[in-house]
Amino acid sequence: MSQIHVSTTVNGDAVEFLCEPDETLLDALRDRLGLTGTKEGCGTGDCGACSVTVDGRLVCSCLVLGAEANGASVDTIEGLGQGDALHPLQRKFLEHAALQCGVCTPGFLVAAKSLLDRNPDPTETEVRYWLAGNLCRCTGYDKIVRAVIDAAADMRSQAAQS
Amino acid sequence: MQYAAPQTVEAAIDLLTSHEGAHVLAGGTDLLVQLRSDRVAPEVIVDIKRIDGMKSIRDDSGGFRIGAAVSAAEITEHAGLGAAWPGLVEAAGLIGSTQVQGRATIVGNLCNASPAADTTPALIAAGARIVISGPTGTREIPAEEMTTGPGRTTLAKGELVEAVRLPTRAARSGDAYLRFIPRTEMDIAVVGAGVSLSFDDAGMCQAARVALGAVAPKAVLVADAAAALIGTAIDDAALEQLAQACAAACNPIDDKRGTIEFRTQVAGVLAKRAAVAAKERAFAAQK
Amino acid sequence: MALDDKHGVQTRDFKIVGTRPVRPDGLEKVTGKARFGADMALPGMLIGMILRSPHAHAHIRSIDASKALALPGVKAVVTATDFQDPGDGLRDILENCMAGEKALYDGHAVAAVAAINRSVAKRALALIDVDYEALPHVTDVDAAMRPGAPALHEDAADESVPDGWSKNVVRRYEFGHGDVDAGFAAADEVVERSFRTEAAHQGYIEPHACVASFGGDGQADLWCCTQGQYMVRATCAGIMGIEVAQLRVTASEIGGGFGGKTTVFIEPVALALSRKAGKPVKIVMSREEVFRATGPTSSSSIDVKVGMTKDGRITAGSAELRYQGGAWPGSPVEFGAMSSFAAYDLENVKTVGWDVVTNRPKQAAYRAPGAPMAAFAVESCVDELCKTLGLDPLDVRLKNASRDGSKASYGPTFDKIGLTATLATAKTHPHLSAPLGPNQGRGVACGFWFNFGGDTCVSMNIGSDGTVSVIEGNPDIGGSRAAMSQMAAEELGIPFEKVRTVIADTSSLGYNEVTDGSRVTFAVGLATIKAARDAIEKMCARAAALWGIPAEAVVWEDGCAKPAGPNAGEHEPMTLAEIAAVASETGGPIAGHYEVNADGAGVSFATHVCDVEVDPETGATKVLRYTVFQDAGKAVHPAYVEGQFQGGAVQGIGWALNEEYIYGEDGRLQNPGFLDYRIPVASDLPMIDAVIVEVPNPGHPYGVRGVGETSIVPPLAAVANAVSAACGVRMTELPMSPPKLLKAMSQKTA
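Positions within a chain are numbered from 1, following the residues in the order the chain's sequence is written. Written order decides the labels, with chains lettered from A and ligands numbered from 1. Totals for whole chains, interfaces and linings use every residue, but because this is a predicted model, local features are given only for residues with pLDDT of at least 70 and side-chain atom pairs only at 80 or more, for both listing and counting. For the side-chain quantities, the full set of heavy atoms in the structure was used; hydrogens and water were omitted.

### Examining the overall build of chain B
The criterion, for reference: Runs of H or I in DSSP of at least four residues are treated as helices and runs of E of at least two as strands, each being numbered from the N terminus. Values of the radius of gyration come from C-alpha atoms, whereas the globule rule sets the reference at 2.2 Å times the count of residues to the power 0.38. Note on classification: 1.4 Å probe, protein chains only; a residue is buried when its accessible area is under 20% of the maximum for its type, exposed when over 50%, partly exposed between these limits. Only heavy atoms enter the contact rule, under which two residues are in contact if any of them lie within 4.5 Å. Charged residues are defined narrowly, with Lys and Arg counted positive, Asp and Glu counted negative, and His plus the chain ends left uncounted. For this purpose, a charge sits on NZ of Lys, CZ of Arg, CG of Asp or CD of Glu.
Broken down by element type, chain B carries 11 helices and 14 strands. Over its C-alpha atoms chain B spans a radius of gyration of 19 Å, differing by no more than 12% from the 19 Å that the globule rule assigns to 287 residues. For chain B, the spread of C-alpha atoms along the principal axes amounts to about 55 × 45 × 35 Å. By the burial criterion, 57% of the 287 residues in chain B qualify as buried. Of the contacts formed within chain B by residues at least 6 apart in sequence, a portion of 59% connects residues at least 24 apart. If you average the places of the 27 positive and of the 32 negative side-chain charges in chain B, the two averages end up 3 Å apart.

### Examining the nonpolar core
We apply this condition: For the purposes of this section, nonpolar cores are sets of buried Ala, Val, Leu, Ile, Met, Phe, Trp, Tyr and Cys residues that join through side-chain atoms within 4.5 Å.
In this structure, A:Phe93, B:Leu229, C:Leu222, C:Val304, C:Tyr410 and C:Tyr626 are the most contacted members of the largest nonpolar core, which totals 221 residues. Broken down by element, this core gets its largest block of residues, 11 residues, from helix 11 (residues 371–389) of chain C. Those residues in contact with B:Leu229 that lie beyond four places of it in its chain are B:Leu197, B:Cys205, B:Ala208, B:Val210, B:Ile234, B:Ala238, B:Leu242 and B:Ala275. Membership of the second largest hydrophobic core comes to 85 residues, among which are A:Leu65, B:Ala12, B:Ile141 and B:Ala211.

### Description of the domain arrangement of chain C
Residue and element names in this part refer to chain C. Selection rule: These domain boundaries are the output of an automatic or database domain assignment. Buried surface area refers to the total accessible area, computed with a probe of radius 1.4 Å, that the two partners give up upon joining, counted for both partners together. Any Lys or Arg side-chain nitrogen located within 4 Å of an Asp or Glu carboxyl oxygen qualifies as a salt bridge. Think of a polar contact as two N or O atoms within 3.5 Å of one another; within protein, one of them needs to be a possible hydrogen donor and the other a possible acceptor, and neighboring residues in sequence only count if both atoms come from side chains.
Looking at the assigned domains, one finds that chain C contains domain 1 (26–34 + 453–598), domain 2 (37–135 + 207–254 + 261–293) and domain 3 (299–451 + 602–749). Distance from the C-alpha centre of domain 1 to the C-alpha centre of domain 2: 39 Å. Taken together, the contacts link 19 residues of domain 1 with 16 residues of domain 2. Buried surface at the junction of domain 1 and domain 2, summed over both partners, amounts to about 1500 Å²; 55% is from carbon and sulfur atoms. The largest contributions to the domain 1 side of the interface with domain 2 come from Pro475, Thr506 and Val514, which together make up 39% of the buried area. A salt bridge links arginine 481 to glutamate 253; the nearest nitrogen and oxygen atoms lie 2.8 Å apart. For the interface between domain 1 and domain 2, the tally reads nine residue pairs in polar contact (both at pLDDT 80 or more).

### Quick notes on the interface of chain C and chain B
Each side of the interface is counted separately: chain C has 24 residues, and chain B has 22 residues. In total, about 2000 Å² of surface goes out of reach between chain C and chain B, with carbon and sulfur atoms giving 52% of it. Remark: the boundary between chain C and chain B carries seven salt bridges. With a closest N to O distance of 3.3 Å, C:Lys122 and B:Asp38 form a salt bridge.

### As for the interface of chain C and chain A
Across the boundary between the two partners, chain C contributes 51 residues, which contact 43 residues of chain A. Roughly 3900 Å² of surface becomes buried between chain C and chain A when both sides are summed, with 58% attributable to carbon and sulfur atoms. Among the residues of chain C in contact with chain A, C:Val30, C:Ile205 and C:Met687 are the three that bury the most area, contributing 19% of the side total. The interface formed by chain C and chain A holds six salt bridges in total. Across the pair A:Arg137 and C:Glu659 runs a salt bridge, and its minimum N-O distance is 2.7 Å.

### Some remarks on the sheet that holds strand 9 (residues 209–214) of chain C
Residues and elements named next belong to chain C. To be explicit about the condition: One requirement defines pairing of two strands: DSSP has to find at least two bridges between them. Each axis is a line fitted through C-alpha atoms, taken for helices only over the stretch in contact, and angles between the N-to-C directions span 0 to 180 degrees.
The seven strands are arranged 3-5-1-12-9-10-11 in an open sheet whose pairing can be described as mixed. Of all the strands in the sheet, just strand 3 (74–78) and strand 11 (247–251) have a single pairing partner and so form its edges. Within the sheet, the average angular offset between the axes of one strand and its neighbour, ignoring direction, is 20°. Relative to strand 5 (residues 109–115), strand 3 is paired through four bridges, and the arrangement is antiparallel. Bridge assignment links valine 78 to a residue of strand 5, and that residue is alanine 112.

### Structural notes on helix 10 (residues 236–249) of chain B
All names here are of chain B. Note the cut-off: Between the first and last residue of a helix there are one fewer steps than residues, each counted as 1.5 Å, and that sum is the expected span. Read the arc as the range of directions from the helix axis to the C-beta atoms.
The terminal C-alpha atoms of helix 10, which comprises 14 residues, lie 20 Å apart, in line with the 20 Å expected from a rise of 1.5 Å per residue. Every buried residue of helix 10 is accounted for by Ala238, Leu239, Leu242, Ala243, Ala245 and Cys246. Buried residues of helix 10 fall within an arc of 165° about the axis and therefore sit on the same side. Among the exposed residues of helix 10, those pointing more than 90 degrees away from its buried face are Asp236, Ala237, Gln244 and Ala248.

This is the structure in structure tokens:
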């Protein structure tokens, strides 16, 4: 198999990599670009640990070919905060103890941000259904849902002030 | 294996024709899982997302033309589709997770030919037509003729689906799709039921289409079930007839997801609930 | 401040213990920087992959790897012949990692390959020829016990097993006291039921992963996700035939374990490949491998009999428990038999446990191993008796509950315990009086877990700037580093932020038992407090030397050394930072240590209340409301205590409703993925209310009890009891999946 040259944007930076034709975006991010914050929990789109956005659309990176990222804009957990400043979701996850082992956390954060980008004031039910594709086995989801709702409130009040 | 992203339908057909074991890639949510588990090993993957029109939803003489690579998320976000075909839209919103809906397409759902595909009964109930292009030109078939059994379609070598066409919606019409899964999300349908209804001025059902998923080797259009509703106001007696017709149409299997008995019993329950929802929408839309 | 004596819990006003600081590893985990098992890479690293048996039971006649080895890029292949017999204690573990003469379950490893990348390794696996002779198999526990069942081993049973059973029955256990026959005779109502539960998997989101590097000098390094790096070291060193000091194991951040990472699966294989190839080797399991070839918990078949008087006194209880633990002895049936009636103070009780082998993967611990299924059976029977006799289920439990001084059904006498406190708290909680609608029902159930202590070692280094490093040896699976930092800061009298707790590799700290048995916050916490006291003693001595007074004349208060009284002379108190700054002049670096085999863990009890609604037309069960009441002794970090309550409850809900291992006629696992092994998703659940009850544990200086496991024990019965209340059907088989429940409801109507 000859490798494919891919030019893409990851977390705002132009990057290039070579990948196999059947290599997933998840593997390319982790193995070619060293962005190991995106996790593999299942490899079949059933757990959400590999959540990223491609051109603003939330996807499982295990179900995207690396080759498909050519010309696209990919955002991962590594791009969620800005420098030292955490995103409100990251802050609220810490404050609410919304993680135990933390391996699902990057996927939840990326997915939750995608929700709040579209719906700044989601109900508990909306949060639960949006995040149904992100499995967490530690928390029972309680504190995650609370953290997302609280982060949304925080972001709304910040937006109102600015 | 190679990866190709042609710009035109003709180029895609060329690739599909000239390679043994070429596979179309749209959303990839089935294909990538099959690749990983070695269930398929195509010589070439033909990514159709860069072909003009594949990613768009267009007006089609009062109906809609949905490109083959339009994702479920794009369908659920489309206001016009949601108003005209809420049942199909809710089916699209049930495929996998939010993440999966960001990629999965209703055409892929159809072409993967799983008997349990969520959008297929909804498409059949809606009377959707499938636009297929191939080396010998373009043809159009009703959605119910697309699959022939688990994993099998009527697509010939070199053919690919370009789009789905949804007809113009009559007044006082509504559709609904319901499925049963053990959890609230993330499961394959154990039973699915799509119902599309149109009513006359007097509130009597004048047209009905009922389709069931996961109860037979392929999604089935149940004519007897529709007949049970036509000419009625979807009253309890009609709903009971509907449930019986649906149970009679079931030819399911026992597997890890459900039993024959369960599927047969629940098919009628879901069809009744979907019919009630479709009726409510038909009259809500009128207001 | 008085240092604790063995049975005197300090009553004190805590400053830091009981607060909710942000965990020290939090930032790395919300930014993607934390390194889990699969996130490690070494220069020149090969990728290892494992070939697995497609048969549930088969002789391995031969393995021919010559074609695989001829493939360019393949650097090594290993099979069972590459390992020496490690002796009795480790033989089963090795055989589970790499099949010997027989493949004993679908997914059993038979060979492994190391290659330059994944695609070459994958192709190489397909080129390994294994000649199997398929054998009859058995995966059901009751079928496996019958004489004439296909036998996995010829002589795995010990002397506890009487004649008349198949060779798959390998251990028998019995517990109890009194005369159960007399007890049943004294009852007004006796209920006798049989229950079955299917195997559940821990379902940690991180698949097993490791990187092994075996040097030519006999030294080896291993990076892996595990609940116990010292266990990995001991096991792998034994299997590889090297001394423990030559193997350094570093635990990565761990993406969940719940007991499933308390043994090894891929680590010895990676080491063997690395030794053979002379390069580092990384193995990462796929999710399918995790389901097929790691350690789910046992499936079970349980008969229970309970007698009760009209006024709700339990006169006797008996249970016979049969657990299959996969292909080798070791199911947790002993714990099941011990814990069945632990929540009840009974005069007459008897339990018998049978350990059975089947053609399934070797079970591993799963959160309170063995207890949830036993509690499901017993608590269902108690619930049925309450209904039959028209008694309130909480009142009946309060009447019969184990309390301080009760003789436990498994032998010992309970010290200070919190069961009645959880029941009393539940009774007054608003959940109990909330109205229910049609098709809705409420269930209650209690649960028990032993809790463990064990070998523990902690070091504490006082930095010259007054900061403190706590070095512990237990992987942090849910916030324990925060708890250790809190206890250290509390004891030292310094701010939480001045302490950083890290987890040592096996070469940097003495032996520590695995993160299991809910032991870490208890035992490592105890050792942390004692290590702090060791450091305090040294700091007091340094201050005493500076002041020219005896060390006994110095006390430690509010983070300072102070003269003990007027006779000690006038000296300005010295802070920890001030003492640390001049440590070099007063004798060198200051460190505290503590090593202990901790006992006094203090048993744990919980009461759960669950509301459900059952769809009468589909058999779907929705959990509407759920409240956990559990004794934490003392909650060090209440948010993480709540998290343990909530997580355990939800795992139990999954086990009750939808999770199950499904085997086909061919003995192969049909649902090795998260699509059809259905763990609860966010939209399945309500908020899980967590009510912390605190009855201090006399065995810990701050009164801490382990909290991690008990929370999974009551939910199976709490959900089943709620379902029974909602639809009038008593489900005796788990999971209560919709097809089963709908069928049961239809049969009741008919």
